Amino acid sequence: MLIKNCRILIDDKEEITDILIADGKIIEIAPNIVGNVEILDAEGKLVIPGIIDAHCHMRDPGLTQKEDFMTGSMACAKGGVTTFIDMPNTVPAVITSKILKDKKNMMVGKSYVDYGFNFGGSRNDNSEEIKKIVDEVASTKIFLNMSTGDMLITENQTIENIFKESKIVSVHAEEEMVAKALELCEKYDKPLYLCHLSKASEAKMLREAKARGLKVFGEVTPHHLFLNEDDVKSSERNTMLLRMKPELKSKEDNEELWRALADGTIDTIGTDHAPHLIEEKLAKLTFGIPGVENSLEMMLRGVDEGKISLKRLIEVMCENPAKIFKIENKGKIEVGYDADLVIVDREDKSPIKDETVISKASWTPYESFNKGGSVFATLLRGQIIYLNKQFYGKYGREIKYYE
Ligand code: DOR
Ligand code: ZN
Ligand code: ZN
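Bear in mind that the values here come from a model prediction, so they are computed numbers and not experimental data.

Draft legend 1. Highlighting the coordination of the zinc ion (ligand 3). For the zinc ion (ligand 3), the protein coordination sphere consists of H55 (NE2), H57 (NE2) and D272 (OD), at 2.0 to 2.2 Å. Read from N- to C-terminus, the donor residues coordinating the zinc ion (ligand 3) fall into the pattern H-x1-H-x214-D. Between the zinc ion (ligand 3) and the zinc ion (ligand 2), a spacing of 3.4 Å is present. Of this pair, H55 sits in strand β6 (residues 51-56) while D272 is found in the loop between β13 (268-269) and α11 (278-283), placing the two residues 217 residues apart along the sequence. You can call H55 buried: its relative accessible area is 1%. Relative accessible area serves as the criterion here: at 8%, D272 is assigned to the buried category.

Draft legend 2. Geometry of the pattern of salt bridges. Tallied over the entire structure, the rule returns 41 salt bridges. One salt bridge in this structure joins E14 and R7, with 2.3 Å as the shortest N-O distance. For E14, a relative accessible area of 42% gives the class partly exposed. Residue R7 is classed as partly exposed on the basis of its relative accessible area of 23%. Linking K349 and D304 is a salt bridge whose minimum nitrogen-to-oxygen distance equals 2.8 Å. Linking K349 in the loop between β14 (341-345) and β15 (374-380) with D304 in helix α12 (residues 295-304), this pair joins segments that are 45 residues apart in sequence. What makes K349 partly exposed here is its relative accessible area of 34%.

Draft legend 3. Region of the structure containing helix α4 (residues 156-165). Of the residues making up α4, those classed as buried are T158, I159, E160, N161, I162 and F163. Where the residues of α4 are buried, they touch α3 (127-133), β9 (139-143), β10 (169-172), α5 (176-188) and β11 (192-194).

Draft legend 4. Looking closely at the nonpolar core. L192, L194, L261, L296 and M299 are the most contacted members of the largest nonpolar core, which totals 87 residues. It is helix α13 (residues 310-324) that provides the largest number of residues to this core, a total of six residues. When neighbours within four sequence positions are excluded, L194 is seen to be in contact with V171, V178, A181, L182, L206, V216, F217, G218 and E219. In this structure, A42, A339, I343 and L379 belong to the second largest nonpolar core, which totals 18 residues.

Draft legend 5. Representation of the site of ligand 1 within the structure. Near ligand 1 lie 14 residues; those nearest to it are R59, N89, S147, T148 and K245. The contact in question runs from an oxygen atom of ligand 1 to an N or O atom on the side chain of H172, over 3.0 Å. Within the contact set of ligand 1, an oxygen atom lies 3.1 Å away from a backbone nitrogen or oxygen of F287. When isolated, ligand 1 has an accessible area of 290 Å², and the protein chains bury 100% of it. Applying the majority rule of atoms within 2 Å of the grid points places ligand 1 in the largest cavity.

Draft legend 6. How the structure looks around the state of the cysteines. Going through the model one piece at a time under the given rule, you end up with zero disulfides. In this structure C6 is a free cysteine whose sulfur lies 15 Å from that of C318, the closest cysteine sulfur available. C6 sits in the buried class, given a relative accessible area of 0%. Here C56 is not cross-linked by a disulfide; its sulfur's nearest cysteine counterpart is in C76, at 5.0 Å.

Draft legend 7. Focus on helix α2 (residues 97-107). Among the residues of α2, S97, L100, K103, K104 and M107 are the ones counted as buried. Take α2 and look down its axis: the buried residues cluster within an arc of 125°, on one side only. For α2, exposure combined with an orientation more than 90 degrees from the buried face picks out K98, K101 and N105. On its buried face, α2 sits against α1 (69-79), β7 (81-86), β8 (114-120) and α3. Positive phi shows up at G109, right after α2, with a value of about 80°.

Draft legend 8. Region of interest: the packing of aromatic side chains. Evaluated as defined, the whole model comprises ten aromatic pairs. Aromatic pair Y112 and F391: ring centres 6.0 Å apart, planes at 70°, arrangement edge-to-face. A residue pair is termed long-range when its members are at least 10 positions apart, and Y112 in the loop between α2 and β8 and F391 in strand β17 (residues 390-391) qualify at 279 residues. For Y112, a relative accessible area of 10% corresponds to the buried category. Consider the rings of F226 and W258, whose centres lie 5.2 Å apart with planes at 90°: the pair is edge-to-face. With F226 in helix α7 (residues 222-226) and W258 in helix α10 (residues 251-262), this residue pair connects regions lying 32 residues apart in the sequence. For W258, a relative accessible area of 4% translates into the label buried. An aromatic cluster is built from F69, F84, Y115 and F117, whose rings are joined through pairwise contacts. One Lys or Arg, K167, reaches over the ring of Y401 and ends 4.4 Å from the middle of that ring.

Draft legend 9. Quick look at the pairing of β15. Taking burial as the measure, the seven residues of β15 include six buried ones, the bulk of the element. Here β14 runs beside β15; their pairing, made up of five bridges, is antiparallel. In the strand pairing of β15, V344 is matched with V375. Where β15 and strand β16 (residues 383-387) come together, four bridges link them in antiparallel fashion. By the bridge assignment for β16, L380 is matched with Q383. Joining the antiparallel neighbours β15 and β16 is a turn of two residues, in which R381 adopts a positive phi near 45°.

Reading the values: rules and limits
- Residues numbered from 1 in each chain as written.
- Chains lettered and ligands numbered in written order.
- Predicted model: local features only at pLDDT ≥ 70, side-chain atom pairs only at ≥ 80, totals over all residues.
- Heavy atoms only, no water.
- Donors = N, O, S within 2.8 Å, 3.2 Å for Na, K, Ca; no water.
- Helix = DSSP H or I, 4+ residues; strand = E, 2+ residues; numbered from the N terminus.
- Buried < 20%, exposed > 50% of the residue type's maximum accessible area, 1.4 Å probe, protein only.
- Salt bridge = Lys/Arg side-chain N within 4 Å of Asp/Glu carboxyl O.
- Contact = heavy atoms within 4.5 Å.
- Core = buried A, V, L, I, M, F, W, Y, C linked by side-chain atoms within 4.5 Å.
- Near = heavy atom within 4 Å.
- Polar contact = N/O pair within 3.5 Å; in protein donor to acceptor, adjacent residues only side chain to side chain.
- Areas by Shrake-Rupley, 256 points an atom, 1.4 Å probe, with all protein chains shown as cover.
- 1 Å grid on protein atoms, 1.4 Å probe; cavity = no way out; pocket = protein on both sides within 12 Å on 5 of 7 lines; lining within 4 Å.
- Sits in = over half its atoms within 2 Å of the grid points.
- Disulfide = S-S within 2.5 Å.
- Arc of directions from axis to C-beta.
- Phe/Tyr/Trp six-rings, centres within 6.5 Å; stacked < 30°, edge-to-face > 60°.
- Lys NZ or Arg CZ within 6 Å of the ring centre and 35° of its normal.
- Pairing = 2+ DSSP bridges.

Coordinates in, geometry out; function isn't part of it.
Here it is, written out as structure tokens:
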């Protein structure tokens, strides 16, 4: 496959070039490549590396009325996400090596995009189980605050044992729990990934911890950048819909999170794609919102608004998640990397609409927000999986980790 006329970012400059792909890998990047191969013309459109979303709840197995690996991965393909990492609060929760193995077997052949798994830390101390699977998962996820599912751990010794045995720990930690997670990161000299920072004070803790030399990384969601408590109050419907953990904060928190994202304090965008059906959301207070399909559209809007550069967008959505979780061959447009590519229509500034949502959630928190662009095509390891609103081929497979 040869992709002609791609506008890609090379050393901060946008250049038009061709990309030649063989056996799923990028083998040449140069203008005017000729070859007797299948051609896709990007017609000067922006091409970025496939997005890696390190924070998705695909609900499979056990909660598949909300989402499953197939529908969730279609939402990914439409959103330009070519790799997602799934969270363990499914039914059953992924807290034993046996459950992980069964889940991996169940998901073969279901996904349009590549995927990895997080293992769940459990309150009955599953650190012995973690030892068995530590190389087969992206990280161990620990819930230090209450959230959807029943995975909260409060016992200190249990949390410490889980830290000791993990390769990297991802935490759901809010406010003072962020401080606690940072203490353990330091004590055990263990890489720590702070999920969904939502407050200026949390970004400040992260900035200080990095300055002290801790191996800590921070994630922010598009909703904690673009939405705040005023949006929650804006209508009766939004009072029910725009609810998640951590909850939306103030306009000042939005601004400070943008700053921390731009200055390198926050490392990644993760969507915390946590779909619930609209009926479920309206019937009773339910935490979690869908995200994967609009994250690039919204972050490009952030670029248009001058909040971050396109280069920074690619770092935080593509490059950094691959580095942090040591995902092989992904996150960059470079020779030797997987040909996971997104062709972006930057002219499309149309409003985001509930009607076009692919996720089983069937609604979007960004209804009527104008996009900063949309996905024209998504390629996974050189294969077209999404083009012009059509889906092709469940080619997704599990990712590998280096080291
Ligand atoms: O709002 C949330 N929903 N926060 C979480 O941490 C979990 C998620 C879910 O699984 O619904
Ligand atoms: Zn969480
Ligand atoms: Zn989550």
